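The chain contents come next:
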Amino acid sequence: MHALVGENGAGKSTLMKILYGMQKPDEGTITVGGDQVTFSSPADAIALGIGMVHQHFMLADNLTVLENVVLGGEKLYGIGARARRKIQEISDAYGLGVRPDVLVEQLGVADRQRVEILKVLYRGARTLILDEPTAVLVPQEVDALFDNLRELKAEGLTVIFISHKLGEVLSVADEITVIRRGTTVGTADPRSTTTKQLAELMVGTELPSPETRESTVTDVPMLKVEDLRLTATDPDGVVREVLAGIGFTIHKGEVMGIAGVEGNGQTELIEALMGMRDPDAGVVTLDGADISHAATRKRREGGIGYIPEDRHRHGLLLDAPLWENRILGHVTEKPNSKKGLLDLKAARQDTERIVREYDVRTPGIEVTAASLSGGNQQKLIVGREMSHAPKLLIAAHPTRGVDVGAQAQIWDQIREARHEGLAVLLISADLDELIGLSDTLRVMYRGRLVADADPATITPEELGSAMTGATSGHLEHDENGESR
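Because the structure is a prediction, the values reported are computed rather than measured.

**Focus on the pattern of salt bridges**
Following the criterion strictly, the structure yields 22 salt bridges and no others. Residue Asp-61 pairs with Arg-112 through a salt bridge whose shortest N-O separation is 3.2 Å. Taken together, the positions of Asp-61 in the loop between β4 (50–53) and α3 (65–70) and Arg-112 in helix α6 (residues 109–122) put the pair 51 residues apart, joining distant regions of the chain. Since its relative accessible area comes to 18%, Arg-112 is described here as buried. Here Arg-326 ties to Asp-350 by a salt bridge, and the two come within 2.9 Å at their closest N and O atoms. One end of the pair, Arg-326, is in helix α13 (residues 322–327); the other, Asp-350, is in helix α14 (residues 344–357), and 24 residues separate them in sequence. For the pair Arg-326 and Asp-350, one class covers both residues: buried. It is possible to trace a salt-bridge network through shared partners that takes in Arg-326, Asp-350, Arg-353 and Glu-357.

**With respect to the side chain of Glu-268**
Along the chain, the position of Glu-268 falls in helix α10 (residues 266–274). Although Glu-268 is buried, it makes no salt bridge; Arg-277 carries the closest opposite charge, 4.3 Å away. Ignoring sequence-local partners within four residues, the contact set of Glu-268 consists of Leu-230, Val-242, Leu-243 and Arg-277.

**Some details on a nonpolar patch on the surface**
Among the surface-exposed residues, Val-331, Leu-342 and Leu-344 lie close enough to one another that they form a single nonpolar patch of about 230 Å² accessible area. You can see Leu-344 is positioned in helix α14. Judged by relative accessible area, Leu-344 falls into the partly exposed class, the value being 34%.

**Re the pairing of strand β11 (residues 255–259)**
Of all the five residues making up β11, five are buried; the element is thus mostly covered by neighbouring parts of the structure. The alternating pattern of β11 places Val-255, Gly-257 and Ala-259 on one face and Met-256 and Ile-258 on the opposite face, and all of these are buried. Where β11 and strand β19 (residues 440–445) come together, four bridges link them in parallel fashion. Residue pairing in the sheet places Gly-257 in a bridge with Leu-441 of β19.

Thresholds, definitions, all that
- Once a new chain begins, its residue numbering starts again from 1 and follows that chain's sequence as written.
- Residues qualify for local features only when their pLDDT is at least 70, as the model is predicted, and side-chain atom pairs are given and counted only at 80 or more; totals for whole chains, interfaces and linings, by contrast, use all residues.
- Only hydrogens and water are removed before side-chain values are computed, so all heavy atoms of the structure are retained for them.
- A pair is scored as a salt bridge if a Lys or Arg side-chain nitrogen falls within 4 Å of a carboxyl oxygen belonging to Asp or Glu.
- Counting from the N terminus, the helices are the DSSP runs of H or I reaching at least four residues and the strands are the DSSP runs of E reaching at least two.
- The rule is simple: take the accessible area with a 1.4 Å probe, protein chains only, and divide by the maximum for that residue type; under 20% is buried, over 50% is exposed, in between is partly exposed.
- Positive charge is attributed to Lys and Arg, negative charge to Asp and Glu, and no charge count is given to His or to the chain ends.
- Contacts are residue-level and defined by heavy atoms, with any inter-residue pair within 4.5 Å sufficient.
- Think of a patch as exposed residues, more than 30% relative accessible area, with no salt bridge, where like charges cluster within 9 Å and nonpolar side chains (Val, Leu, Ile, Met, Phe, Trp, Tyr) cluster within 5 Å.
- Surface exposure here means Shrake-Rupley accessible area, sampled with a 1.4 Å probe, where a residue is shielded only by the protein chains that are shown.
- A pair of strands is treated as paired once DSSP finds two or more bridges between them.

Pasting the structure below:
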């Protein structure tokens, strides 16, 4: 099990794309099993036993697990009983617990990941490349994934994985390669390396902590949500409640964190608050104004900043230059417009400032957003949203897929703005981030807020347990140190 670590833009994903035949190297050699090889497409890599699980899953939601697995590999075992037997065989052999007939859209994120792993094993992979495999998993799911990976390793498979979570890297890897700015800068032995040493090798600085020391919470309400309800219709016509009587208040200077396994209503809550979905019932008040049914632009102009959970789908135009992306969501606001017309010169100048202040690694503002690494795309979005002095920031996974250096910057920006009176709704799969940054913590399960916790005393394990629906109410320690 070989880990590859490095800051955003260091070249990790580019290297993996070369190993998977998605990109051609200019020079250098790759040998598989002692033989020198060249890949002209992923099909060549697959034929030589290399499989890749991407950070953004490549599954069709409207197909079953079985259909997703056989798609493109129909010649291997057909599409019927033989394929089903093979899937079951692989699932049992590696403890993946995959259900062939379930629609992918009904699966949680951990199950989707197991389907992706099964998909590459089904094609005969002996080397697995995993890009940020734990980015969206809770601690219990991470442990289960690592058990799966150890099982694969025991069967003689090789696993290469990219991760920014250095503690996990040290606990599971046999060897670590560190790359910086496109060059290998060192290797590390997990048995004798600390996270601090690894962080310094990776970015030249110490590992940051999301810990927030002083409280800046005021008694002035900024966002008030009362009895918010939302229903959605399944593909088979069944109407289900996705938000059930959600209510909370976030004050000026307060960060409220929401913990929950993905797929429990967090996305729908964000979309209802942003005006992307119209709730069936309930009242949403921003700084005293009722915005329950206001248009998204009105909410933006009213002072809502938004870091979306999926930066590619909701945060950027990948084929547009950086300065155009700076305008997105703030078309009518300064410096992007003047007297009702776009002010492109001012927008370009402000993009230069964001690139400079937020350390967005780019050759210039004319390049497309797609040419930036994931972490630099995230820094551009954070810079854009913070540039309009929002009253409320909805931050969904603000540091997903960013390195320790960028993480520290984003946390600092949130802390600083909170100090100035910003109210923040923080949704994150990183439980240390949630506990460290939040003033108040709520747990979301099946469309309801089922528990609340004090960030000063709760542990990631207790929070993870509440997220799976095992505990509810107020989470606190008893005399024996157990949660109850």
